[in-house]
Amino acid sequence: MRGMPRKRAHVSGTRQLYVRSDSGLPAEPEACLVDRHAGGARTLLPARTPDEGNLVVGDLGAYLIDGNGRIVAVSERALALLRRGSEELLGQDHHELLHRGPDGSALARAQCPVMDAVVSRSASSGDGLCFLRGDGSLLPVHWTATPHAGDEGTAVLVLFHPGEVAAEAATAVTLSELERLALLAETTTSLTSTLDEDEIVARLAPLVLPRLADWMVVDLTDDTGDVWRTRVVHHDHRGLDRRPELEGPMPAVTPQSPKPLSRALRGGAASLAGPDVYLGEPDSGIAVVQRELFAATGMHSAAIAPVRGAREILGALTLGRSENPAAFTSRDLTLLEDITRRAGLAISNSRLYQRQRRVSETMQRHLLPQLPQLPGVQLHAAYLSAPDASQVGGDWYDVFPLSDHATALVIGDVVGHDLEAAAGMAQLRSMLRALAWSHPGQPNRAVEQLDNAMTRVTDLPMATLIYASLSQDAATGVWTLAWTNAGHPPPLLVTGDGRADYLQAPSTLLLGSGVTATRSTAQALLPPASTLLFYTDGLIESPTRGIDPGMSQLRRHAAALVHHTLEGFCAGLLERVRPQNNTDDVALLALRLPPLASEPQRSSMTWPAGAAS
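Residues numbered from 1 in each chain as written. Predicted model: local features only at pLDDT ≥ 70, side-chain atom pairs only at ≥ 80, totals over all residues. Heavy atoms only, no water.

1. Considering the overall build of the chain
Now for step 1: Regarding its fold elements, the chain presents 14 helices and 28 strands.
Now for step 2: Counting all 613 residues of the chain, 50% fall into the buried class.
Now for step 3: Sequence separation of at least 24 residues holds for 60% of the intrachain contacts in the chain that already meet a minimum separation of 6. (Helix = DSSP H or I, 4+ residues; strand = E, 2+ residues; numbered from the N terminus. Buried < 20%, exposed > 50% of the residue type's maximum accessible area, 1.4 Å probe, protein only. Contact = heavy atoms within 4.5 Å.)

Have a look at this one:
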């Protein structure tokens, strides 16, 4: 081989790939690829320049793979064509790293023609395949794969040069029937596993990009009939890239426009579109926005389909191609309609769920009382529904006057998170009001009677409850709390200087257990300017956090927040203490006593106008 010019390709450890040229045959230049290593040089594959075209041997990229399909050597020309460094290639699985379909989608090994040659250990060649470059672009290639027996066992040499993707090959991106069914199954599973509309729209993008298109545009109508461009996503070499500057409100849908998006938003059949459709004088505001969209995205072909709900049109889905040279065809529309049908079902279910949630929350607000005004005492209550249940539950609070001029304070939790629990809560509240009025100064007796009545005249499930009586001594102005606890977390008392302690009392059986129990009443003097908090277990407990750590955290944060207004105090506790993975609803009832006054005021409640008693 002395005297022959060599073109160095790449150095990989002790292995180098060379292209060797024989300049003595100018009419039919001949070349071979040489594997040079420590033991000498060996010819891998002769190659001859084709008669047609201007391809020369130097245009060939080459890499060598071992029996496991990992790249062990690569030529300089291959590095240049693939726009990668050697460190990106050596040791990598060549199929997973490089082989892509004309649409950029990853190929299954069973569908990759190069892998067919590798597995069969026979020489093969072909085109219609793309290699993924380092910058994310696709390189259409003509390729040849040839087995090569070396010192380390049988390897395969892959030669390739740039080619063109024929229109037929690009159009052949359309999925096989099995792939279509797999995509639709994945779409159904992904979209129907959440009831959050924004999440549903977000999950659409990785399902269709880049498998079907380079761009995804989602337009949805809201409850008022207005159209919003809720999501525009582009797939490039970096992955999925959301384009919020192209999103926002859309002009109203006109009933006479024949343009594809307007027809889809009125419920018309899926159709194809291109930038030429929106050239000329626009017939509506939507046509203007669409023309701007095609200009901004560079889409040369688009497929647009309506998103239908059970009884209404929810919007439209647009898939567009800019980098992919293939235009959409009518065959693609069938698949697109199958996808939008599933998206419409998921969005329809999400909106139905949100409507039911609003109804439930409205019902809950009407079931819970408005707080009265107690002279000198601040009162504040809050309720948060369960995030993942039916959004209405059995947590409740109440404040009402007693026949001995004291004030009743109640916090309770009926088992369940559904409308039955909410209805049970309302029934329990009414029963307790009547019994408390008949047993002033005796919280334990009122709760005993409530427990007996609950198990005999109702079908209510079990419940926990604290019923307290707040009174002020007319002579000294000292506030006294008398309370009984039926299996509920204890109230928390925070002094004005930030000392927080739980008011402990014998916690008896919860209501509805069917066991007759003697209940006791505990008493405590409340310091001036102190804050008293009643709460339900949803504030401190979650499936992954027990009640004791939650109570410790509540006491620490309550002491830190007591200098805030009473409303700010409650809001801060909900933000800081409520577990992130909480699955329960939460009710809070807080009161703040006035500083010690020289003249005690007799408790006399006033109620907001229209408040239910």
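2. Structural notes on helix α7 (residues 197-208)
Now for step 1: The first and last C-alpha atoms of α7 sit 18 Å apart over twelve residues, in line with the 16 Å expected at 1.5 Å per residue.
Now for step 2: I200, V201, L204, A205, L207 and V208 are the residues of α7 that are buried. (Expected span 1.5 Å × (residues − 1).)

3. Observations concerning the side chain of D236
Now for step 1: The residue D236 is located in strand β12 (residues 227-236) in this model.
Now for step 2: Looking at D236, its side chain comes within polar contact range of the side chain of R238, at 2.8 Å. (Polar contact = N/O pair within 3.5 Å; in protein donor to acceptor, adjacent residues only side chain to side chain.)

4. What to know about the environment of P594
Now for step 1: Structurally, P594 is set in the segment after β28 (586-592).
Now for step 2: P594 gets classed as partly exposed once you look at its relative accessible area, which sits at 23%.
Now for step 3: Considering only alpha carbons, one finds P594 and S530, 64 residues apart in sequence, at a separation of 7.8 Å.
Now for step 4: Not counting chain neighbours up to four residues away, the residues in contact with P594 comprise G376, V377, W479, P528 and A529.

5. A few points about the pattern of salt bridges
Now for step 1: On inspection of all chains with the given rule, the structure shows 16 salt bridges.
Now for step 2: Its salt-bridge partner being R211, residue E186 comes within 3.3 Å of it at the nearest N-O pair. Residue E186 is located in helix α6 (residues 177-191), and its partner R211 is located in the loop between α7 and β11 (215-221); the two are separated by 25 residues in the primary sequence.
Now for step 3: Using a relative accessible area of 37% as the deciding quantity, one classes E186 as partly exposed. (Salt bridge = Lys/Arg side-chain N within 4 Å of Asp/Glu carboxyl O.)

6. Quick look at the sheet that holds strand β23 (residues 492-494)
Now for step 1: The sheet built from five strands is open, its strands ordered β18-β28-β27-β23-β24 with antiparallel pairing. On the outer flanks of this sheet lie β18 (378-384) and β24 (500-502), each paired with one strand and no other. The average angle at which neighbouring strand axes cross in this sheet is 15°, direction not considered.
Now for step 2: In the packing of helix α13 (residues 547-561) onto the sheet, the strands contacted are β23, β24 and β27 (531-535), and the crossing angle to β24 comes to about 145°.
Now for step 3: Where helix α14 (residues 566-576) meets the sheet, it contacts β18, β27 and β28, and its direction lies at approximately 150° from that of β28. (Pairing = 2+ DSSP bridges. Axes fitted to C-alpha atoms, helices over the stretch in contact; angles between N-to-C directions.)

7. Here we look at the confidence of the model for the chain
Now for step 1: Scored by pLDDT, the chain comes out at a mean of 82, with 82% of its residues at no less than 70.
Now for step 2: Averaged over each element, pLDDT in the chain is lowest for strand β1 (residues 6-12) (37) and highest for β27 (98).
Now for step 3: Contacts for the low-pLDDT stretch residues 609-613, under 50 throughout, to residues beyond four places or in other chains number six contacts. (pLDDT = per-residue confidence, 0-100.)

8. Brief notes about the packing of aromatic side chains
Remark: the centre distance and the inter-plane angle together describe each pair of aromatic rings, the angle taken between the planes.
Now for step 1: A complete count under the given rule lists four aromatic pairs for this structure.
Now for step 2: Ring centres of F131 and F160 lie 5.0 Å apart, and the angle between their planes is 70°; on these two criteria the pair is classed as edge-to-face. On the criterion of sequence distance, the pair formed by F131 in strand β8 (residues 124-132) and F160 in strand β10 (residues 153-162) is long-range, its members being 29 residues apart. There is no split in this pair, since F131 and F160 are both buried.
Now for step 3: Each residue in the set Y63, F131 and F160 is aromatic and connected to the rest through ring pairs, giving one cluster.
Now for step 4: Positioned above the aromatic ring of Y278, the side-chain terminus of K259 is 5.9 Å from the ring centre. (Phe/Tyr/Trp six-rings, centres within 6.5 Å; stacked < 30°, edge-to-face > 60°. Lys NZ or Arg CZ within 6 Å of the ring centre and 35° of its normal.)

9. Structural notes on the environment of P595
Now for step 1: Along the chain, P595 turns up in the segment after β28.
Now for step 2: Sequence-wise, P595 and S530 are 65 residues apart; in three dimensions their C-alpha atoms are separated by 8.3 Å.

10. Concerning the pairing of strand β19 (residues 395-401)
Every regular strand shows the same layout, with side chains that alternate between the two sheet faces.
Now for step 1: In terms of burial, β19 is a largely internal element, six of the seven residues being buried.
Now for step 2: The pairing of β19 with strand β20 (residues 407-414) spans seven bridges and is classified as antiparallel. Within the sheet, the bridge partner assigned to W396 lies in β20 and is G412.
Now for step 3: In this antiparallel pair of consecutive strands, β19 and β20, the connection spans five residues, and H405 shows a positive phi of 70°.

11. Focus on the packing of α13 against α14
Now for step 1: Interaxial distance between α13 and α14 falls to 10 Å at its minimum, and their mutual angle equals 145°. Between α13 and α14 lies a crossing whose hand is right-handed. On the side of α13, the interface is formed by Q553, L554, H557, A558, A560 and L561, while α14 contributes F569, G572, L573 and R576.
Now for step 2: Class assignment of the residues belonging to the contact of α13 with α14 gives a composition of six nonpolar, three polar and one charged. (Left-handed = near helix turned anticlockwise from the far one by under 90°. Nonpolar A, V, L, I, M, F, W, Y, C, P; charged D, E, K, R; others polar.)

12. Some details on helix α9 (residues 285-297)
Now for step 1: For α9, spanning 13 residues, the distance from its first C-alpha to its last is 19 Å, which sits close to the expected 18 Å at 1.5 Å a residue.
Now for step 2: I286, A287, Q290, L293, F294 and T297 are the residues of α9 that are buried. The buried residues of α9 occupy an angular sector of 115° when projected down its axis, which confines them to one face. Counted as exposed and oriented over 90 degrees from the buried face of α9: E292 and A295.
Now for step 3: Among the residues trailing α9, G298 stands out with phi positive, at a value near 75°. (Arc of directions from axis to C-beta.)

13. Topic: the packing of α6 against α7
Helix-helix packing is characterised by the crossing angle of the two axes and by the distance between the axes.
Now for step 1: Put simply, α6 and α7 touch, their axes get as near as 10 Å, and they point 155° apart. Classed by the angle they form, the pair α6 and α7 counts as roughly antiparallel. Handedness of the crossing formed by α6 with α7: right-handed. Side by side, α6 and α7 meet where L183, E186, T187, S190 and L191 of the first sit next to I200, R203, L204 and L207 of the second.
Now for step 2: A per-class count over the contact of α6 with α7 returns five nonpolar, two polar and two charged. (Parallel < 35°, antiparallel > 145°, perpendicular 65-115°, else oblique.)

14. Some words on the pairing of strand β22 (residues 479-486)
Now for step 1: Extensive coverage of β22 is indicated by the burial of eight of its eight residues.
Now for step 2: Residues W479, L481, W483 and N485 of β22 are buried on one face, and the alternating residues T480, A482, T484 and A486, pointing to the opposite face, are buried as well.
Now for step 3: Two elements, strand β21 (residues 463-472) and β22, share eight bridges in a ladder whose sense is antiparallel. Looking across to β22, one finds that I466 is bridged to N485.
Now for step 4: Between the antiparallel neighbours β21 and β22 lie six residues, among them G477 with a positive phi of about 80°.
Now for step 5: As paired strands, β22 and strand β26 (residues 522-526) are joined by five bridges and run antiparallel to one another. Bridged to W479 within β26 is L526.

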